[in-house]
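If you want the building blocks of each chain, they are given just below.
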Amino acid sequence: MTVEMQHAPLHDGVQTTMPAAVTAAERITIVGAGFSGTLTAIRLLQFAQSPLEICLMEREEGYRYGGLAFGQASTNWEHMLNIQAGRITLRRERPEDFLEWANEEADRSSWPLTWQYHTFGVACVVPRRIFRQYLAERLRGAVADARPDVSLRELSGETIDVRAEGERYVVKYADAGPQGAIHELPSDRVILATGHLAPVQAPFYHQVKDSDRFIADPYSPDAQERFGAVGPDETVLVTGSALSSFDTVVSLVHSGHTGQILICSRGGHMHDTYPTDHEHDIWQARRPPFLDTENLTPEAVVEGIKAEYAHLRAEHGPGGSGSAHDAVFAERVMKAWEPYVIELVSRMDGADVRMLLDRYKSLIVTNRTSTVREIGSVVRDRMRGFNGAPKTVSVVAAGIQDMRLVEDGTRIRVVFADRDDVIVDRVVNCLGNNTDYERTGHPLWSALVHGRKFAQPQSKTHRGIEVGQHGQLVTADGETARDLFCVGPMRQGDETTRRGRLGAFVFSIGTLRNQCFDTAMEVLRRVRSASDGEQMNIPEGIHHCLTRSSDWIVSDLRLRAKEADVERLRHRILSYARETAYPHTVDLLQAEDRSEREKHRGILGEDFAQFGSALAREFGLSAEQARRAVSLLATVVEKHAVHNLCDITKLAGWDAQYGDQVKHAPKKDA
C-alpha cells in the first residue's frame, strides 16, 4: 500500500517521516526514546517489510536518543564511555560502523576544539555526547532508508498506563505541554524501553532528602547545573563507589571543584583502571569444582568461589604462571564464569541468590569492570596527589547510620556505625537505581505489575521483571503477554539467570544492543506471521542450534516414511541450512542499506523456493508440506543468525578482520 508522506524535522534535526493518513499500517509504540528505544526503532525501520508506523515516545527531551548515560541533560564533554571506540557500534553485524561514522560522516561543528580534529581509532575513548549524536544521526539515516510505507512518529509525553483492548493495546500518556492533556494511542504492539527506575533512597537520607545540599540523582536533567552550584572548596560526600561515583567526580572537577571528595562504601571497593595497552579478551575457564556439591548453600558457594578464584589467580594472574594484568584479572574471570553463574542461580533458592547479590553487590560491580584511563585517572590521581597538587579524593570504608542538617542547614553531619562523624557541605547519592519492580514508584510499572498484572518481578533475583527469551513480558499468571515486549535495564535479572551477566554488564551497551536487535526482529516476525499459526508455535530456543531446528522441522511434518528416508530428509535440510540459507541470511542482516537488503532478500526468497521444489521432488512431499518446511526453516535460520550476530564470543577478533576498514589512532591517543 502506498501512503502519502510528509516530512517534518523534529528533535535535533532528526527527519521524521509521518503519514498524512495511516490506514493498513500496523502501529508499534516504543515507550522511551533513550538508547534502547532509539536503537529498537532503528532496527524496526531497517528490517520492516510491510506497512508500519513506529511511534517513539519520550517524557524527558534531555534524555532523547541518549537516556541517562548519554543524554544531553546528564553529561558534559568530560564524561567518557567506559569502553573503547572499536567496541561501541550500534550494529553487532558491522563492528566498524561507529568508527566510519565518527571519522567520515559526523557533523563536528558543535564539538569542542579538542575533539573537532580528533581521529578515532579502535582503542580510543569517546565522549558520551558524541555517542548520543551517533544514535540520533543513525536514526535519521534509518528513517530516510526505510520503505515508503514505514514511518516514524516521535511523541513527547509520559506514558502512565497500557491496557489491552480487544486484539490491540491502548497506550495512555500525558503530553509534555503545560496542561498535561491525557491522550490514548491504540497500538498493535508495544515495546517498553523506560530505562532505569529512580535512584535508591536509603533510610539514612530521610532528614536531608529535601535539602539543596543533597543531590539525589547525579544524572537528573538539572544535575550538571547543581554540580556547578557546589563551591570550589566545599567538602562533598559521595555515597557508593560504582561508576556513578566516578562520573560524579568528573562532574565536580568539570565544574571547577577543588575541595575534598569522600567516596563512601561499606567495603571500600573501587574500580581499577585498565592498563594503557589493554585489549578485551574472552577466557575459557574450567567448571568450578564446588558446583559438584549437591547442596549449594550460600556458605559453600562463597568458599567455593574464593578457592577457585585463588586457583585461577595462581594459574593465570599476576605473579602466577599466566600474564593477566591485575586490573583486568577479576573481570576476565567473572566473564569466563558466566556459564557457571547460570547453573549456580538455577540450582540455588531464590532467597539465597538475592542475599548473595545484595551482600556482595559492591564487590561484584567494582570487579566486573575496570575503568578506561580517561575516567579512572581523574579519581585515582586525586587519591594520591602529586608534588604541589594535594590529595583531594579519599575512600571511606564504613557503613552510614544517619545524616542530619547542621549549622542552620548549610552543612550535613554524617553518622557512621564504626567511626567518627564527619561534617560535609554536600552529599551526592551514587547508590544506584532501584531494581525492585514490586515497589517502583513508577506510575506505568505500578500499573503493569499491580493493576494490569501484565508483568511480575523477576522471580530468582528480584531485579527487574520476568521476561521470555525475546523480551516478552511474563504476566502474573506465568503466561507471556501477547505482543508486549521490553528492552533495557528492566531485564537485568533475566540477563543474570539466562546469560550469567553480573554488575554493570546486565545493562551494558553490548547487552542492550543485543536485546534491541533480537526483540525488534522478533516483533517484525510476529508482524509478518500474525495470521500464521505455524510460525507462532515454533518452540523457544531451538534456533540456538541448526541441528535441533532441522530435527524439529522434520518431526513437525509428521511424515509417514521409512526411517532412512526421514533421516536423509533431516540431513538435507540441515546441510542446506548451514551451507546456503544461513550464509545468505547473514548477508541480508549485514547489508548496509535497503536496496542491498532487498537484493539479498530476493536472492534468499528465490533460493528457498527452489529448495522447496527440490524437497518435493526428492522426498515426495506435497506442495503444502514443502512450503511449510521452507517457511519454518527460513524463520529458524533468521533467528539463528540474529542469535549468532549477538554472540560476543564470535566477534572477539573483529579488529583483525576489519583492520583495513577503520582508522587507528596513533599509540599516544590510545
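Basis of the calculations
- Residues numbered from 1 in each chain as written.
- Predicted model: local features only at pLDDT ≥ 70, side-chain atom pairs only at ≥ 80, totals over all residues.
- Heavy atoms only, no water.
- Helix = DSSP H or I, 4+ residues; strand = E, 2+ residues; numbered from the N terminus.
- Expected span 1.5 Å × (residues − 1).
- Buried < 20%, exposed > 50% of the residue type's maximum accessible area, 1.4 Å probe, protein only.
- Contact = heavy atoms within 4.5 Å.
- pLDDT = per-residue confidence, 0-100.
- Pairing = 2+ DSSP bridges.
- Axes fitted to C-alpha atoms, helices over the stretch in contact; angles between N-to-C directions.
- Parallel < 35°, antiparallel > 145°, perpendicular 65-115°, else oblique.
- Nonpolar A, V, L, I, M, F, W, Y, C, P; charged D, E, K, R; others polar.
- Phe/Tyr/Trp six-rings, centres within 6.5 Å; stacked < 30°, edge-to-face > 60°.
- Lys NZ or Arg CZ within 6 Å of the ring centre and 35° of its normal.
- Disulfide = S-S within 2.5 Å.
- Core = buried A, V, L, I, M, F, W, Y, C linked by side-chain atoms within 4.5 Å.
- Left-handed = near helix turned anticlockwise from the far one by under 90°.
- Salt bridge = Lys/Arg side-chain N within 4 Å of Asp/Glu carboxyl O.
- Polar contact = N/O pair within 3.5 Å; in protein donor to acceptor, adjacent residues only side chain to side chain.

With that out of the way, let us pick up helix α7 (residues 243–254). Here α7 is 12 residues long and its end C-alpha atoms lie 17 Å apart, about the 16 Å a rise of 1.5 Å per residue gives. Burial analysis of α7 places nine of its 12 residues in the buried class, which makes it a mostly covered element. Listed as buried for α7 are S244, S245, F246, D247, T248, V249, V250, S251 and L252. Check the buried side of α7 and you find it contacts α5 (128–145), α6 (223–228), β10 (236–239), β11 (261–265), α13 (373–384) and β16 (426–429). One or two steps after α7, the chain reaches G256, where phi turns positive at roughly 95°.

Another aspect to go through is the environment of D210. Checked against the element boundaries, D210 lands in the loop between β8 (189–192) and β9 (214–215). The class of D210 is exposed, set by a relative accessible area of 72%. In this structure, the C-alpha to C-alpha distance between D210 and N644, residues 434 residues apart in sequence, is 49 Å.

This part covers the confidence of the model for the chain. Looking at the chain as a whole, its pLDDT mean stands at 88, while 91% of the residues score no less than 70. Note on residues 1–23: pLDDT is under 50 here. Beyond four places in sequence and across chains, it has 55 contacts. In this model, residues 650–670 is a region of pLDDT below 50 whose contacts with residues beyond four sequence positions or in other chains number 39 contacts.

Let us look at the sheet that holds strand β18 (residues 480–486). Taken together, the eight strands give an open sheet; going across it, the order is β7-β6-β5-β4-β3-β8-β18-β17, and neighbouring strands pair in mixed fashion. Only two strands of the sheet have a single partner each, and these edge strands are β7 (182–187) and β17 (472–474). Averaged over all pairs of adjacent strands, the angle between strand axes in this sheet comes to 45°, irrespective of strand direction. As judged from the seven bridges shared by strand β4 (residues 52–58) and strand β5 (residues 150–165), these two strands associate in the parallel manner. What sits directly across from L52, in β5, is V150. Seen against the sheet, helix α1 (residues 35–47) touches β3 (26–31), β4, β5 and β8 and runs at an angle of roughly 170° to β4. This element, helix α16 (residues 509–528), spans β3, β4, β8, β17 and β18 of the sheet and lies at about 140° to β18.

Turning to the packing of helix α3 (residues 97–105) against α5, a few remarks are in order. Two elements in contact, α3 and α5, have axes whose closest approach is 11 Å; the angle formed by their N-to-C orientations is 95°. Classified by the angle between their axes, α3 and α5 sit roughly perpendicular to one another. Of α5, the residues touching α3 (which contributes D97, F98, W101 and E105) are I130, Q133, Y134, E137 and R138. Of the residues belonging to the contact of α3 with α5, the class tally is four nonpolar, one polar and four charged.

Moving on, we come to the packing of aromatic side chains. Applying the stated criterion to the full structure yields 20 aromatic pairs. Centre to centre, the rings of W101 and Y134 are 5.2 Å apart; their planes meet at 40°, and the pair counts as tilted. You can see W101 sitting in helix α3 and its partner Y134 sitting in helix α5, a full 33 residues away along the chain. Just as W101 is buried, Y134 falls in that class too. Between F204 and Y205, the aromatic rings sit 4.9 Å apart at their centres with planes inclined by 75°, giving edge-to-face as the arrangement. Three or more aromatic residues joined by ring pairs make a cluster, and in this case those are F35, F70, F98, W101, W111, W115, F120, F131 and Y134. Note that R368 overlies the ring of F505, its terminal NZ or CZ placed 3.8 Å from the centroid. Taking the ring centre of F47 as reference, the NZ or CZ of R597 above it sits at 5.5 Å.

This part takes up the environment of R526. Tracing the backbone through its elements, the reader meets R526 in helix α16. Along the sequence, R526 and G157 sit 369 residues apart, while their C-alpha atoms lie 27 Å from each other.

Taken in spatial order, the five strands make up an open sheet running β9-β16-β10-β11-β12, and their pairing is parallel. This sheet does not close on itself; its edge strands, each paired only once, are β9 and β12 (393–397). Sheet analysis places β10 next to β16, joined by four bridges and oriented parallel. For V238, the partnering residue across the bridge sits in β16 and is V428. Seen against the sheet, α7 touches β10, β11 and β16 and runs at an angle of roughly 170° to β11.

Attention now goes to the state of the cysteines. Under the counting rule described, the total for this entry stands at zero disulfides. Between C486, a cysteine without a disulfide, and C516, which holds the nearest cysteine sulfur, the sulfur-to-sulfur distance is 11 Å. Relative accessible area serves as the criterion here: at 0%, C486 is assigned to the buried category.

Another aspect to go through is the nonpolar core. By size, the foremost hydrophobic cluster in this structure holds 88 residues, and its most contacted members are F35, L44, L45, I54, F98, F120 and F131. Counting residues per element, this core draws most heavily on α16, at nine residues. Other than its neighbours up to four places away in sequence, F131 contacts F35, F70, L81, I88, L90 and I509. Counting 27 residues, the second largest nonpolar core, distinct from the first, contains I542, L621, V630 and V637.

Once that is clear, we can look at the packing of α16 against helix α21 (residues 623–645). Contact geometry for α16 and α21: axes closest at 10 Å, N-to-C directions at 165°. Overall, the two elements α16 and α21 adopt an arrangement that is roughly antiparallel. As α16 runs across α21, the sense of the crossing is right-handed. Together, F517, D518, M521, E522, R525 and R528 of α16 and T635, E638, K639, V642 and L645 of α21 make up the contact between the two elements.

The backbone of E407 sits at a positive phi, close to 50°, despite the residue not being glycine. Assignment of secondary structure puts E407 in the loop between β13 (400–406) and β14 (411–416).

According to the stated counting rule, one finds 54 salt bridges in the structure shown. Taking the shortest distance from any N to any O, the salt bridge between E234 and R426 comes out at 2.7 Å. Here E234 is found in the loop between α6 and β10, whereas its partner R426 is found in strand β16, with 192 residues between them in sequence. When the shortest N-O distance is used, the salt bridge between E495 and R499 registers 3.4 Å. Of the two residues, E495 and R499 are both situated in helix α15 (residues 492–499); the distance of four residues between them amounts to about one turn of the helix. Through salt bridges that share partners, E26, R189, D483, E522, R525, R526 and K639 make up one connected network.

Time to look at the side chain of E154. Within the secondary structure layout, E154 lies in strand β5. The exposure class of E154 is buried, given its relative accessible area of 6%. Only 3.1 Å separates the side chain of E154 from the side chain of R64, close enough to count as a polar contact. Looking at E154, its side chain comes within polar contact range of the side chain of Y65, at 2.9 Å.

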